[in-house]
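Summary of structural features
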Amino acid sequence: MKRREFITLLGGAAVAWPLAARAQQAMPVIGFLNIGTRDGFQPFVAGFHQGLKEVGFVEGQNVAIEYRWAEGQNDRLPAMAADLARRRVAVIVANGAAVFPAKAATPTIPIVFLTPGDPVGLGIVTSVNRPGGNVTGVSFFNTTLGSKRLELLREMVPKAATVAFLVNPNGPTTEVDLHSTQAAGRTLGLQVRVLRASTNGEIDQAFAALAQQQPDALIVNPDAYFTGRRQQIVDHVARLSVPSAHSPRDWAVSGALMSYGTNTTDSWRHAGVYAGRILKGEKPADLPVMQPTRFELVLNLKTAKTLSLEVPAKLLALADEVIE
């Protein structure tokens, strides 16, 4: 290579390098504040990435994501939220119990929430249609479906008299789902026994108690922490051979008997779309809270056979998906 060509090439590299560095620094950053665990939320993270892609953002190319996983420890959330606020991320995406620390950490950074409960009743926003302020998001209303899950479980196990209900006492929507499920139990003439767990050890203790009580069936409250511990819970359920109802469909895919609720992966996709639209300049106050329009019943026939249960024709007809 000639000396002049070498100098020209070197000069071009010297210019391109700082430009690339500046471009990387200018890349918007999303703060991802999650109450669960990385492993337990991989399908939902994939849905979130898909939503971002639909509006033109790909992680590592034109957007960066700072992940914060609380692993079910709610007391870690305020510090994590404050850290993301100090970093001045462009938008914070928070789920479940993580929403409230995110709101407390910043009144200005846009926040996209995901909640299984009623966002107005929980005090997250003042209106679904016009949320106002710096917060909007997605509600999939899974915790308001406890009564329906109990009805479906009764259809599957018609001789059931007692049903255990596993809840996370630290979940922001637990009381709503508990009230709904207990009311449905009274209507159906079922005794609902509540089991509480918010740590791995407490989950094991809850199932030890369940083994002694021997209820006829089990419902697991839709909770972000339980989502992160899905396989641990499904393994306990299989070991005790107890019919169980859950939400979302991932539980039935993992081996549980049935699930009923919204498509949570799709809800995370919507959250990705909203995060991307905010990065493009839209304001959270102008984006109405997204709500579910479709609910899915998923049945695992292999598990039903293992439990020696005959699936009623009515449930098979209602099912949106049947796992053979």
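Report on the accompanying structure. Predicted model only: the values in this text are computed from it and were never measured. (Residues numbered from 1 in each chain as written. Predicted model: local features only at pLDDT ≥ 70, side-chain atom pairs only at ≥ 80, totals over all residues. Heavy atoms only, no water.)

**Points about the environment of L114**
Note the following rule: Secondary structure elements follow DSSP: runs of H or I no shorter than four residues count as helices, runs of E no shorter than two count as strands, and numbering proceeds from the N terminus.
Assignment of secondary structure puts L114 in strand β4 (residues 111-115). For the pair L114 and P284, spaced 170 residues apart in sequence, the C-alpha separation works out to 14 Å.

**Notes on the packing of helix α7 (residues 200-213) against helix α9 (residues 230-240)**
Each pair of packed helices can be described by the angle between their axes along with the distance between the axes. For clarity, the cut-off: Convention adopted: a line fitted to C-alpha atoms gives each axis, helices being fitted over their contacting stretch, and angles between N-to-C directions are expressed from 0 to 180 degrees. We call two directions roughly parallel when the angle between them is under 35 degrees, roughly antiparallel when it is over 145, roughly perpendicular when it lies between 65 and 115, and oblique otherwise. In this scheme, a crossing is called left-handed if the near helix is turned counterclockwise away from the far one by less than a right angle; it is called right-handed if the turn is clockwise. Throughout, a residue-residue contact means that at least one pair of heavy atoms, one from each residue, lies within 4.5 Å.
Contact geometry for α7 and α9: axes closest at 11 Å, N-to-C directions at 15 degrees. In this view, α7 runs roughly parallel relative to α9, as classed from their interaxial angle. Taken as a pair, α7 and α9 cross one another with a handedness that is right-handed. From α7, N200, I203, D204, F207, L210 and A211 reach across to α9, where they touch Q232, I233, H236, V237, R239 and L240.

**Examining the pairing of strand β1 (residues 29-34)**
Here is the rule: With a 1.4 Å probe rolled over the protein chains alone, any residue whose accessible area is under 20% of its type maximum counts as buried; one over 50% counts as exposed, and the rest are partly exposed. Only when DSSP finds a minimum of two bridges between them are two strands counted as paired. For the handedness criterion, the strands are oriented away from the viewer, and a crossover whose path from the first strand over the helix to the second runs clockwise is classed as right-handed.
A large share of β1 lies buried, amounting to five of its six residues. Relative to strand β2 (residues 64-69), β1 runs parallel, the two being bridged by six bridges. Each bridged residue has a counterpart across the sheet, and for N34 the counterpart in β2 is W69. Taken together, β1, helix α2 (residues 42-54) and β2 form a β-α-β motif whose crossover is right-handed. Inspection of the sheet shows β1 paired to strand β3 (residues 91-95) by four bridges, in the parallel sense. By the bridge assignment, I30 is partnered in β3 with V91.

**Section: unusual backbone geometry**
The residue after S247, namely P248, is reached through a cis peptide bond having omega 5 degrees. Tracing the sequence through the fold places P248 in the loop between β9 (244-246) and α10 (250-253). The phi angle at E71 is positive, at roughly 55 degrees, despite the residue not being glycine. Along the chain, the position of E71 falls in the loop between β2 and α3 (77-86). Accessibility expressed as a relative area gives 38% for E71, which makes it partly exposed. A positive phi angle, near 55 degrees, is found at S241, a position not held by glycine. Its relative accessible area of 47% is what places S241 among the partly exposed residues.

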